[in-house]
Amino acid sequence: EAGVAQSPRYKIIEKRQSVAFWCNPISGHATLYWYQQILGQGPKLLIQFQNNGVVDDSQLPKDRFSAERLKGVDSTLKIQPAKLEDSAVYLCASSSQRGPYEQYFGPGTRLTVT
Amino acid sequence: QQPVQSPQAVILREGEDAVINCSSSKALYSVHWYRQKHGEAPIFLMILLKGGEQKGHDKISASFNEKKQQSSLYLTASQLSYSGTYFCGTERLNRDDKIIFGKGTRLHILP
């Protein structure tokens, strides 16, 4: 079974530029999560999808972050414009359903904003 | 709202035991444990549900005291492969499906 795929693995941009991350969850997983992990911290949930609908985006900075999950499979997370404090690892995870189930994490995208 | 983990870091010699604690100020429905090695994705260890159950596999086990809103992860006879950062994630009793992770406990095993 293929795991959660993410790209790119690394990205360096200047502040005020835009960037997009892509995630392909495990086949058949209805629930998809985007997390932001700042160095030395635990993952912080940004947005949760159930199929192609948003379940929770209360911690997503909507003035600069956006995310979509078309057709309930792949997802993209965009930052526009980026700030220095957005430097972090962005993790995508998926699970077979909502609730207390195992989340499978992708390798993450390490973003550096200069 | 973020669970508090203790200790922040621990260094052990191979074969020693370790306990990592996770506590919340809110009533919990579930506690999730993950391990993350440097530069890698978090890997699932186990989930404990309301009801105070205790789970384990191999030499890693955990308990959940719902009255105290605390969970503990037990690593017995630690192996070099246990090194990494351990995160607990908590889901509140309101079942909002949102997992909030603690800041992590760094565990380093020496040979």
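In this text the structure is predicted, and so the values were computed from the model without any measurement. (Residues numbered from 1 in each chain as written. Chains lettered and ligands numbered in written order. Predicted model: local features only at pLDDT ≥ 70, side-chain atom pairs only at ≥ 80, totals over all residues. Heavy atoms only, no water.)

**Topic: the overall build of chain B**
The helix and strand inventory of chain B stands at zero helices and 11 strands. Ordered by position from the N terminus, the helices and strands of chain B form the series β-β-β-β-β-β-β-β-β-β-β. Principal-axis analysis of the C-alpha atoms places the extent of chain B at approximately 45 × 25 × 20 Å. In chain B, which comprises 111 residues, the proportion classed as buried is 48%. Of the accessible surface of chain B, which amounts to about 5,500 Å², a share of 48% is contributed by carbon and sulfur atoms. Seen as two clouds, the 14 positive and the 10 negative side-chain charges of chain B have centres 6 Å apart. (Helix = DSSP H or I, 4+ residues; strand = E, 2+ residues; numbered from the N terminus. Buried < 20%, exposed > 50% of the residue type's maximum accessible area, 1.4 Å probe, protein only. Areas by Shrake-Rupley, 256 points an atom, 1.4 Å probe, with all protein chains shown as cover. Lys, Arg positive; Asp, Glu negative; His and termini not counted. Charge placed at Lys NZ, Arg CZ, Asp CG, Glu CD.)

**Examining the state of the cysteines**
Applying the stated criterion across every chain yields a total of two disulfides over all chains. Between Cys23 of chain A and Cys92 of chain A runs a disulfide, and the two sulfur atoms are separated by 1.9 Å. As the torsion about the S-S bond is roughly -65 degrees, the Cys23 of chain A-Cys92 of chain A disulfide counts as left-handed. Placement of Cys23 of chain A in strand E3 (residues 19–24) and of Cys92 of chain A in strand E9 (residues 88–95) is noted, with a sequence separation of 69 residues between them. Judged by its relative accessible area of 0%, Cys92 of chain A is buried. The disulfide partner of Cys22 of chain B is Cys88 of chain B, and the S-S distance across this bridge is 2.0 Å. The chirality of the disulfide connecting Cys22 of chain B with Cys88 of chain B is right-handed, given an S-S dihedral of about 70 degrees. Placement of the pair is Cys22 of chain B in strand E3 (residues 18–23) and Cys88 of chain B in strand E9 (residues 84–92), with a sequence separation of 66 residues. (Disulfide = S-S within 2.5 Å.)

**With respect to the interface of chain A and chain B**
Each partner contributes residues to the interface: chain A has 22 residues there, and chain B has 20 residues. The contact between chain A and chain B buries some 1,600 Å² in all, and 55% of this surface belongs to carbon and sulfur atoms. For the pair chain A and chain B, the interface holds one salt bridge. Of the charged contacts, one joins Lys98 of chain B and Asp56 of chain A as a salt bridge, the two residues approaching to 3.4 Å between their closest N and O atoms. Linking chain A to chain B there are four residue pairs in polar contact (both at pLDDT 80 or more). Looking at the side of chain A that touches chain B, the elements with two or more residues in it are strand E4 (31–37) and strand E5 (44–50) of chain A. Of the residues belonging to the side of chain A that touches chain B, the class tally is eight nonpolar, 10 polar and four charged. (Contact = heavy atoms within 4.5 Å. Buried area = accessible area lost by both parts, 1.4 Å probe. Salt bridge = Lys/Arg side-chain N within 4 Å of Asp/Glu carboxyl O. Polar contact = N/O pair within 3.5 Å; in protein donor to acceptor, adjacent residues only side chain to side chain. Nonpolar A, V, L, I, M, F, W, Y, C, P; charged D, E, K, R; others polar.)

**Some details on the pattern of salt bridges**
Counting across every chain of the model gives four salt bridges over all chains. Here Asp57 of chain A and Lys62 of chain A are joined by a salt bridge, their closest N and O atoms 3.7 Å apart. Take Asp57 of chain A: its relative accessible area is 27%, and that puts it in the partly exposed class. Put simply, Glu66 of chain B and Lys50 of chain B hold a salt bridge, and the shortest N to O gap is 3.7 Å. Placement of the pair is Glu66 of chain B in the loop between strand E7 (60–65) and strand E8 (70–75) and Lys50 of chain B in the loop between strand E5 (43–49) and strand E6 (54–57), with a sequence separation of 16 residues. Classification of Glu66 of chain B by relative accessible area gives partly exposed; the value is 25%. Lys50 of chain B sits in the partly exposed class, given a relative accessible area of 42%.

**With respect to the pairing of strand E2 (residues 9–13) of chain B**
Residues and elements named next belong to chain B. Taking every second residue as pointing to the same face, the buried face of E2 carries Val10 and Leu12, while none of Ala9, Ile11 and Arg13 on the other face is buried. Relative to strand E11 (residues 105–110), E2 runs parallel, the two sharing five bridges. Within E11, the position partnered with Ala9 by the bridge is Arg106. (Pairing = 2+ DSSP bridges.)

**Side note on the sheet that holds strand E7 (residues 65–68) of chain A**
All names here are of chain A. Reading across the sheet, the four strands line up as E1-E3-E8-E7 and stay open at both edges, with antiparallel pairing between neighbours. Edge positions in the open sheet fall to strand E1 (5–7) and E7, since each of these has one partner strand only. Averaged over neighbouring strand pairs, the angle between their axes works out to 15 degrees when direction is ignored. Inspection of the sheet shows E7 paired to strand E8 (residues 75–79) by four bridges, in the antiparallel sense. Within E8, the residue paired with Ser66 across the bridge is Lys78. (Axes fitted to C-alpha atoms, helices over the stretch in contact; angles between N-to-C directions.)

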